[in-house]
Amino acid sequence: MKILIIDPQFLTRTGLIHLLTSQPGSVAIYEATSLEVAKSYINSGETYDLIFAELDLPDADHRFVTNTLHSLAPNSHIVLFTWRRATADIQTGIAQGAQSYLRKDASAESVKLAIHGLLQDKPYLPLDDLPYRKQTEADRKLSPRQREIMQLLAQGLSNKEIANILGITEGTIRVHLSAIFKAIKVSNRTEATLWYLLRQN
C-alpha cells in the first residue's frame, strides 16, 4: 500500500508514520510538506492508496486543498487529517471527495481505531454526533465506546484483537459486549454484527 502524507509539521508526520508502520502489512510512505510538493509527486505518475492531508498548508487555501487532490488523484482515499473542526470545513472537504476525517486532537484509542480501518480501505468519521453525520440507530442505542467495539466486531476481530487495538482488557470487552447485546436485544456476536451493519448509512 502506498501512502502520501501532506503536512508541514515534521513531528506530526513522524508520529503518523510510526502509527502506520506499527500495523501489520507492508506500506510505502511518502512525505510532502506542501501542496505543491504533493502535486509534483502525483503528477510524476505515482498512485497512492491513501492520502492524509492537512488542510492548513503554507501554499494553499484550505477551501481548495481537497478539491485539488481529488482532481489529481480521483482513485485515492483522501483522509482529512487536520486540526480544523468547523463543520463547514469538514462538510466542504467531504463534498469535494474526501472519504475520511481524522482530527489531530483525537484520543490515542480513536486514532488507532481509525488507522486500523483505513489500512483496510474502510472510511473513518468520528463517532461523535457531529452535524455533518446523520445519526443512526446505533448512535442512539450505543455509547461511543460500544460503537467503537461494534465497528471492530463487524470487521471480524476477536475480543483479544479488539482489546489490543483499544488498549483495554478482554474482560472489559466482554462486559461491553454483554451490555451491547442487551441494549440491541440480540444473543450473540453474529446477530450483533448483522444488526450493526444493517443500520449503517
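Rules and cut-offs
Residues numbered from 1 in each chain as written. Predicted model: local features only at pLDDT ≥ 70, side-chain atom pairs only at ≥ 80, totals over all residues. Heavy atoms only, no water. Domains from an automatic or database assignment. Contact = heavy atoms within 4.5 Å. Buried area = accessible area lost by both parts, 1.4 Å probe. Axes fitted to C-alpha atoms, helices over the stretch in contact; angles between N-to-C directions. Helix = DSSP H or I, 4+ residues; strand = E, 2+ residues; numbered from the N terminus. Parallel < 35°, antiparallel > 145°, perpendicular 65-115°, else oblique. Left-handed = near helix turned anticlockwise from the far one by under 90°. Nonpolar A, V, L, I, M, F, W, Y, C, P; charged D, E, K, R; others polar. Salt bridge = Lys/Arg side-chain N within 4 Å of Asp/Glu carboxyl O. Buried < 20%, exposed > 50% of the residue type's maximum accessible area, 1.4 Å probe, protein only.

Below, the discussion takes up the domain arrangement of the protein chain. Its domain assignment divides the protein chain into domain 1 (2-119) and domain 2 (144-198). In this structure, domain 1 and domain 2 have C-alpha centres spaced 29 Å apart. Residue-level contacts link six residues of domain 1 with eight residues of domain 2. A buried area of about 650 Å², summed over both sides, lies between domain 1 and domain 2, and 55% of it is on carbon and sulfur atoms. When the buried surface of domain 1 facing domain 2 is broken down by residue, E109, L113 and H116 rank first, second and third, together holding 80% of it.

Now for the packing of helix α9 (residues 170-184) against helix α10 (residues 189-198). The geometry of α9 relative to α10 is characterised by a closest axis approach of 11 Å and an angle of 60° between their N-to-C directions. Viewed along their axes, α9 and α10 adopt a mutual orientation that is oblique. Note on packing geometry: the crossing formed by α9 with α10 is left-handed. Where α9 abuts α10, its residues L177, F181 and I184 lie against R189, A192 and W195. A per-class count over the contact of α9 with α10 returns five nonpolar, no polar and one charged.

What follows concerns the pattern of salt bridges. Counted by the stated rule, this structure contains 12 salt bridges. A salt bridge links D89 to R84; the nearest nitrogen and oxygen atoms lie 2.8 Å apart. The residue R103 makes a salt bridge to D105 at a minimum N-O spacing of 3.2 Å. Residue class for R103 comes out buried when judged on its relative accessible area of 11%. Judged by its relative accessible area of 37%, D105 is partly exposed. Taken together, the shared-partner salt bridges connect D7, E54 and K104 into one network.

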